[in-house]
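Listed here are the chains, written in short residue letters.
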Amino acid sequence: MTAHLIDAMVSLTSLMEEETEKLARTPHLPELGEIAAAKLRLTGRIEAEVARLKRGGEDWAQALDPETREQLTEASRHLRDASTVNAEILSRQIELSSDMMAAIAAEAQRLTGARSATYGACGGMAGMDAPAPISVNARL
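Structural notes, computed from the coordinates.

Here is what the cut-offs are and how they apply
- Residues numbered from 1 in each chain as written.
- Predicted model: local features only at pLDDT ≥ 70, side-chain atom pairs only at ≥ 80, totals over all residues.
- Heavy atoms only, no water.
- Axes fitted to C-alpha atoms, helices over the stretch in contact; angles between N-to-C directions.
- Helix = DSSP H or I, 4+ residues; strand = E, 2+ residues; numbered from the N terminus.
- Parallel < 35°, antiparallel > 145°, perpendicular 65-115°, else oblique.
- Left-handed = near helix turned anticlockwise from the far one by under 90°.
- Contact = heavy atoms within 4.5 Å.
- Nonpolar A, V, L, I, M, F, W, Y, C, P; charged D, E, K, R; others polar.

## Side note on the packing of helix H1 (residues 3-25) against helix H2 (residues 32-55)
At a minimum axis distance of 9 Å, the contact between H1 and H2 shows a crossing angle of 155°. One way to sum up the angle between H1 and H2 is to call them roughly antiparallel. As H1 runs across H2, the sense of the crossing is left-handed. Facing H1, whose interface residues are His4, Leu5, Asp7, Ala8, Met9, Ser11, Leu12, Leu15, Met16 and Glu19, H2 presents Leu32, Ile35, Ala38, Lys39, Leu42, Thr43, Arg45, Ile46, Glu49, Val50 and Leu53. The class makeup of the residues in the contact of H1 with H2 is 13 nonpolar, three polar and five charged.

This is the structure in structure tokens:
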């Protein structure tokens, strides 16, 4: 009854642990898009299984035998722990990427001097820093 759910949870946990390990070693993963797509598929599978089980009855978890309930509990704990660590490292990677893009934009702004001044109707001068054009190479 819950074998598909537990299998999807174990697979997602394993995938997240693998992604976390790889991101801890190197910030650049060419297969990151494929990993994200696989995580989405597994998450969808988990959601579909839970919905299917709930359609059978809201108390489906209480109806499980003790051994299956323990397996489901362990799979849930491992998934929670892997998700927490994975979210932390992904958050750090996103923050690092944002900081790097901001630093690159600031340097481009400094080098190009893209600042404009506008003379207002009341005689005041208003300065504005135009954003520096940045091109992103997705193959890096």
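On we go from here.
## Considerations on the side chain of Lys39
Inspection of the secondary structure assignment puts Lys39 in helix H2. Leaving out residues up to four positions away in the same chain, Lys39 has contacts with Leu12, Leu15, Met16, Glu19, Asn86 and Leu90.

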